[in-house]
Every structure is written in structure tokens, then in C-alpha cells.
Amino acid sequence: MIIFDSENKVFKLDTCESTYLIGIYEENYILNYYYGAPIPETCVGDLIDRNANASFSLANPVIGENGFTPDCAPMEYGTNGAADFRVSALSIRNANGDTTTDIRYKGHKIYKGKPSLSPLPYVYANNDDEADTLDIYAEDKVTGAEVTLRYTVFEKMGAMTRSAIITNASDKAMDIKRAFSLCVNMPEMDYDMITFYGRHAKERSREQRALAHGLQGIHSKRGASSHCHNPFVAFLKHGAGEEQGEAMGFNLVYSGNFSAVAECDFNSNTRFIMGINPEDFSWHLEAGESFTTPECVMVYTDKGLGEMSRIYHRLYNNNLVRGKYKHEKRPLLINSWEAAYFDFDTDKLVSFAERAKEAGMDMLVMDDGWFGVRNADNCSLGDWFVNEEKLPGGLDPLISRVNALGLKFGIWYEPEMISPDSDLYRAHPDWCVHVEGREPMIGRRQLVLDVSREDVRDNIFNQMYEVLSKHKIDYVKWDFNRNISDAGSAILPADKKQEFFHRFILGTYDLMDRFTKAFPDILFENCSGGGGRFDPGMLYYSPQIWASDQTDPIERLTIQFGTSICYPASTMGAHVSACDRTGYETKGDVALWGTFGYELDPNKLTDDEKALVKEQVKEYHKYYDLIHYGDLYRLIDPYFNHFRCAWSFVSPDKTEVLATAVTMRYDRDMPTFILKLRGLDKDKKYVCEETGKVYSGAFLMNAGINLTNKQSRDGESIKFYFKAQ
Ligand code: DGJ
């Protein structure tokens, strides 16, 4: 719900978990009065008073030196140069070259529902009753910039979104130097900041640090959200934890360069901003033109990090992913990559499909290597026609044999890339991302295709359309295997060159939009060398993302725990592979947490392993709803415990529970190991399917189950399924 208290000039934005207050102060400054647990008041009295005695803090001459200074006031959208000396969310350079920016309240509108943010991806309302929106109109009288601060409240979900629209209402051109999606101010700094760092095969590893005075944050300037940092930040109040205390999350719905910065100031207050990375960014606005920032999804709860995660999970399942596979069961797939790499032909793929069929799987995915003359990663990206040496007669003979077995068929693409050794490059050498006069850097022996250009996008769309429309293809894996250097486009004029990175990602979104509209029945799975673009922007177009090329189940655990802090199990691509660190039980139990599938040559499985795979396929079906739509509880997080970890899924009605524990490394101190469950109904009786024993919910949560003598080897896993009687 959103209300405006006109007497106190306060906007009150309520979700079931939080209240957010925005006030219009003297001289129409827009201030962030409060963000926290629900409160009934709109009048906050002296709550926003600050000690204004910093290093020569400056005053607004009209208000006078009465204690208010932009230097420490909780500015709702901090701007550059007008006495707010903290990191700014907005900076405009006007036609004179001045960059001082100062926005003040001009008006507002409150309405039901949520407008589209297209061409950007966004969290949507399924109907107008799900959401309420507030647009605050602000203006900078000198630059002529008009700013709409847009807030949408998903009351029942416990989440909010924010974005900003900047319009050049002057009669001269201007340039946006910084335009963040969000700025929040907390009147304290006793928080831990949780971020997710990583690299290829080690994405989204949790990192947690106490806030300190000054700047701290993460960013990407790789042209992708990246393996190295995820566009997600949480703040955990000191003393708070997984299931109790204040937790706040901020997730940018964007797949390109981003920045997330917290600044703790001289009053030990915290400002946090998140949005497009201002480095290598600038946006030119002619008179009358507008620019829309991506949106940021905010969650506040006083029920701990776990509840914050569950709010994101429900929101993303309900209001972010789209299309047929939002609700429909995803096919259990076997992927050819780790089974064959580039070395396959029709018969080999069909043999995979035959074994997959015997095990009860649903789909064969042919990964990289089926097009052009691609037998290694050194050529052919951009030449999206079938390699008939590997697949004689093209795709039809292969697909019809796979379909005849009763399996669906999926295919791999890397649409935003071009190999220097390709027909496409030979025909259009200026279609790669490059800077005039520089030899572009090379990565995996490929260049990036300039999808900021419409003609380039049309070419790729038409080539792929030809294949996808003429064959029975049920799934597309959309890969992206390098980052962007030498950022430039042959057709952008000098005054728009710094728009390249954002234009590139808009080009990607445009392509994805065209494909998802043209092929609504195809399941798209995003991928970027594993999880190099695991972000909500991508989830808007593809309901699942290959979480990592790391398929060792023990290494995977930190990745899956990290990913789960924001993203639901239904989005997390997870496969059983042939890696030999653990047995197939553990590999299956870990992969079951995600979208589940196989990444191995099934012909090489022993009879015992084949039997186990059949059981796992049955488990996939049995637990599908529980895992995809249940509530996740991180019971023991490998961030804190290097020996073992555990997690569970609880059905929304609390009648079903699946709990899994993995011994990452057997603890030779042999401590007692009692696993306590969470999120059950304390009064219900639960029967354990594995042991037949009956427990109360209260017992399982408070006394727990004793696993002390149940695990004695590195890499073992154990799981329990409970059903309420
Ligand atoms: C990177 C992906 O993460 C892999 O799964 C595989 O598709 C390769 N690319 C293919 O080149």
C-alpha cells in the first residue's frame, strides 16, 4: 500500500515486511525518512536530525544554517555538487559543461499496478492488485533535468522495486554522467555487507564484512554482470543471522556493467547506491529525450537472511520469470558438453539419447560444436548453419531419431559472439566490438559481436530463426563466453561512444525479446561460461541459468548456497557429471537442488550407476514441486562450516520436507552432529520416509535428528523426506 500524508508531506510505502518513508522537506528536498520493520506513523518528528558539524558542512541559503545540510541529510536520490559530498546517484552535465545537479520535489502520482520498463527487463505485476506504484516528479531548475523516481510496492510479497527516469526538459542537449537506480540512507553503520565474488567455475562465493567508514562496494566493467561479482548486495544488522534479525537485500535487474557502493559518513550513517556503472558510461540527451535506469529490487525483513532469500525466491518465481515454463515442469535433460565436447556425430548423440530414454530422462541437448566447421573453440561463431560432416543430412535425421525415442531436443547458441575465423567475420569485419585503430583483445579465440547495432542483430536473428523455425527444437542454451574489452561500435558517433556498454546490453535484451516472442514454446537456458550472467535481467528471458561449469558436487555447494541467497532453486541449472570426487548419490543430491540434469556420457555408466540414475530421475519428479516452489532453509552454510553443510525445502503448506546434508570433509574430531530443521509446523506430526519414525515439528526443529554416526566419509550425502500425517 502507498499513501501520501499531505499534512506531514510524507509518502508511506508498506509491504507485509517493511515500511519505507519518503518526506518532502523544506525547499522541496526529497528525503529518505525511514526503511525498516512496519510502523504505523507517517510523522517522524526529529528522527532525521543529524549532527551537521562535519568538515565545513554547507547550508542551503534559503533554509539557512539551522542544522539542515545536504552533507548529511538522508537525501532520497543524492545528487552531485550541491553540498551533498557523499557518493551521488545522479550527475548531469549541462550544455555549459557544469555538473552540479540538484533535484527538488515537483509533484507525484500514486496508482495501482506497475508500468512496463521495456525495453529493460523488470519485475512485473500479474495484475493491478498485486502492486502499487508511486512516481515522484523532481526537477533541477538549472539543468532542466526532470527526474521521475519510481517505486513499486509488492505488498503481499514483501518487496519493492525502484528505478529513475531522467528527461531533458531544457532546450539544449545534456549528458547523464551518473544515473543510479537506487539510493538509500541508513542512520547507522552497524551492518555486515554481504556480496558474492568469484571467477569461472567458482561463482557467487559469499563474502561478508563489517561496514567501515568510507567507501566499499563491488562493480563490473566487463560488459556482463560477470562471474566476479553478482549485482546483489545484502546488509545484515550486527547480531542478525540466518533466521533472525534485520536483513536487507538489493538486486539490480541488469546484466551489464553495474556498481554497488556503500559509503559510511562522518555521522556513521550509511548511504548505499546501486545501478549502471558510471565508469565508461555517459548518456547524451537531446531536448525532450529520456533515459530510464534499470530497476533495483529491495527487500527488508527482520526475520533474518533466510527469510530475505525466501521473499526473493517467491517474487522471482511469481513476478520475474515468464512464459510457458514459469509453471510447466521443465524437462530433465542430458547435455552433450562434458560427455563429448566437440567430438560427436549423429550416432553418438543418438546413443546418449537412447541411454537417457532408458533412464527416464526427457530431453537431449546438443551443446557447442554443431555448426560451421567447429571442431574446437577456434572458429565458426556467427556461422549458424549445420556442420553436415558431423550431422549428415542436417538436423532433421538427428532430431527425428531423438524424437522417435520420445525425447525432446535442445541446441546450443552463442549469439553475441563472432570468431575471426568465420564466414560472418570475413564478410563483415567491422561487426565486432572494437575501437578504430586498435587490435581488439581476444578471449577463447573469439571476438564479441556488436549487438548494439540493429543490422547485426537482424542478421543473427534471421540465421537463428532459420534453424529454430524449420526444426523441432524445444530448448536453447544461450551462451556468452568472454567479456568485453575495446568497447566501441563502428557506427556510434563520438558524443555517444560512452553509451556503448548500455546499448550492447539493450541489444542483447532486444534479441532475447524477439526470440522469446517468436518461440514461446522453447525453453531458454542462459549461460555465460557457467554462471557469468546469473542475474535477474537474464531470468526475465530465460527461467533457468546454468549456474556454473563447476560440476564437482563439493565445489558446487558454495556456489549453490551463494546463489540461493537471492535466486530460487527453479532458476539454478545443476547437473550430475562424471567427475569422480564423490559417488553418484552425492552428485544427485546436490544437483537435485537446482533444475537437475546430466552432463556425462551415459554409455560409460556401470549397471549400478545406471540403476541409481533411474532412481534419481524418479526423485526429480517426486520432489519437483517441493524444490521448485517450496521454501528453502539453509540449515548449515559452508560459509561458516567447512566440514559439512545442510539445507531443506519445506512445502508452502508445511506438510512436506526434504532435508539434505553433505559431509564436505569428514571432521576427524568427530563432534556430535544433530541437524535441526526449520520452518515446520511445530504441532504437526511428520513421518520420516527413510526410517518410518514419527516426530513432531517441534522435535525436529528444537531437538533435531542425530546424524553423528550416519556419515564417516568425505563427500557423503544423506537426505530425509518427511510428510505430515
Ligand atoms: C561454456 C558453458 O558453460 C558450457 O556448459 C558449454 O556450453 C561451453 N561453453 C561450450 O562452449
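Residues numbered from 1 in each chain as written. Predicted model: local features only at pLDDT ≥ 70, side-chain atom pairs only at ≥ 80, totals over all residues. Heavy atoms only, no water.

Caption draft 1: Structural detail: the overall build of the protein. The secondary structure content of the protein amounts to 12 helices and 39 strands. Scaling as 2.2 N^0.38, a compact globule of 725 residues should have a C-alpha radius of gyration of about 27 Å, and the protein matches this with 26 Å. Taken over the C-alpha atoms alone, the protein extends approximately 85 × 70 × 45 Å along its principal axes. The 725 residues of the protein split such that 62% are buried. When the accessible surface of the protein is totalled, it reaches about 26200 Å², and 48% of it is carbon and sulfur. Distance between charge centres in the protein, computed from 80 positive and 106 negative side chains, equals 3 Å. (Helix = DSSP H or I, 4+ residues; strand = E, 2+ residues; numbered from the N terminus. Rg over C-alpha atoms; globule rule 2.2 N^0.38 Å. Buried < 20%, exposed > 50% of the residue type's maximum accessible area, 1.4 Å probe, protein only. Areas by Shrake-Rupley, 256 points an atom, 1.4 Å probe, with all protein chains shown as cover. Lys, Arg positive; Asp, Glu negative; His and termini not counted. Charge placed at Lys NZ, Arg CZ, Asp CG, Glu CD.)

Caption draft 2: Representation of the site of the ligand within the structure. What surrounds the ligand is a group of 13 residues, the closest being Asp367, Asp368, Lys477, Asp479 and Asp549. Note that an oxygen atom of the ligand is positioned 2.8 Å from one of the side-chain N or O atoms of Arg444. Against a free-state accessible area of 300 Å², the protein chains account for coverage of 98% of the ligand. Grouping the amino acids of the shell around the ligand by side-chain chemistry returns 4 nonpolar, 3 polar and 6 charged. (Near = heavy atom within 4 Å. Polar contact = N/O pair within 3.5 Å; in protein donor to acceptor, adjacent residues only side chain to side chain. Nonpolar A, V, L, I, M, F, W, Y, C, P; charged D, E, K, R; others polar.)

Caption draft 3: Representation of the sheet that holds strand β34 (residues 656-663). Here we have 6 strands laid out as an open sheet, ordered β32-β33-β34-β39-β36-β37, and antiparallel in their pairing. Each having just a single partner strand, β32 (631-636) and β37 (694-696) make up the two edges of the open sheet. Strand after strand, the sheet turns through a mean of 25 degrees between neighbouring axes, direction not considered. Alignment of β32 against strand β33 (residues 644-650), held across 5 bridges, turns out to be antiparallel. Bridge pairing in β33 places Leu632 opposite Phe649. (Pairing = 2+ DSSP bridges. Axes fitted to C-alpha atoms, helices over the stretch in contact; angles between N-to-C directions.)

Caption draft 4: Structural context of the nonpolar core. Counting 193 residues, the largest nonpolar core has Tyr77, Phe235, Phe250, Phe272, Trp370 and Ile411 as the members making the most contacts within it. If we skip the residues at most four places from it in the chain, Trp370 touches Phe344, Trp384, Phe385, Val386, Asn387, Leu391, Ile411, Trp412, Tyr413 and Val467. Ranked by size, the runner-up nonpolar core spans 23 residues in total, among them Val657, Leu677, Tyr686 and Phe722. (Core = buried A, V, L, I, M, F, W, Y, C linked by side-chain atoms within 4.5 Å. Contact = heavy atoms within 4.5 Å.)

Caption draft 5: Focus on the packing of aromatic side chains. Taken as a whole, this structure holds 49 aromatic pairs when the rule is applied. Taken together, a centroid distance of 4.6 Å and an interplanar angle of 25 degrees make the contact between Tyr25 and Phe68 stacked. Within this pair, whereas Tyr25 is found in the loop between β3 (19-24) and β4 (30-36), its partner Phe68 is found in the loop between β4 and β5 (90-93), the two being separated by 43 residues in sequence. When the ring of Phe232 is compared with that of Tyr312, the centres are 5.5 Å apart and the planes differ by 85 degrees; the resulting orientation is edge-to-face. Residue Phe232 is located in strand β14 (residues 232-237), and its partner Tyr312 is located in helix α1 (residues 304-319); the two are separated by 80 residues in the primary sequence. A relative accessible area of 1% places Phe232 in the buried class. Taking the relative accessible area as the measure of exposure, Tyr312 reaches 0% and is therefore buried. Within the aromatic cluster, the residues linked to one another by ring pairs are Phe196, Phe232, Tyr312, Tyr316, Phe534 and Tyr567. If you follow Lys109 out to its NZ or CZ, it ends over the ring of Tyr111, 4.8 Å from the centre. The cationic tip of Lys390 hangs over the ring face of Phe344; the distance from NZ or CZ to the ring centre is 4.8 Å. (Phe/Tyr/Trp six-rings, centres within 6.5 Å; stacked < 30°, edge-to-face > 60°. Lys NZ or Arg CZ within 6 Å of the ring centre and 35° of its normal.)

Caption draft 6: Representation of helix α3 (residues 346-359) within the structure. Over its 14 residues, α3 extends 20 Å from the first C-alpha to the last, a length consistent with the 20 Å expected when each residue adds 1.5 Å. Among the residues of α3, Thr346, Leu349, Val350, Ser351, Phe352, Ala353, Ala356 and Ala359 are the ones counted as buried. Of the surrounding secondary structure, the elements contacted by the buried residues of α3 are β21 (333-335), α2 (337-340), β22 (363-366), α4 (395-404) and α11 (607-629). With a side-chain oxygen lying 3.2 Å from the backbone nitrogen of Asp347, the N-terminal cap of α3 falls on Asp345. At the C-terminal side of α3, Gly360 shows a positive phi close to 95 degrees. (Expected span 1.5 Å × (residues − 1).)

Caption draft 7: Up close: the side chain of Asn319. Its place among the elements puts Asn319 in helix α1. Excluding residues that lie within four positions of it along the chain, Asn319 makes contacts with Tyr122, Val123, Tyr124, Ala125, Asn126, Glu130, Phe154 and Met157.

Caption draft 8: Quick peek at the pairing of β4. When you tally the buried positions in β4, you get 6 out of 7 residues, the bulk of the element. Judged from the 6 bridges that link them, β3 and β4 form a sheet pairing that is antiparallel. Along β4, the bridge assignment pairs Gly23 with Leu31. As consecutive antiparallel partners, β3 and β4 are separated by 5 residues, and within that stretch Glu27 has a phi angle of approximately 55 degrees, a positive value.

Caption draft 9: Spotlight on helix α9 (residues 553-564). Here α9 contains 12 residues, and its C-alpha end-to-end distance of 16 Å stays within 8% of the 16 Å for a straight helix at 1.5 Å per residue. Burial of α9 is extensive: 10 of the 12 residues sit out of reach of the surface. Those residues of α9 not exposed but buried are Pro553, Ile554, Arg556, Leu557, Ile559, Gln560, Phe561, Gly562, Thr563 and Ser564.

Shape is all these values report; function is a separate question.
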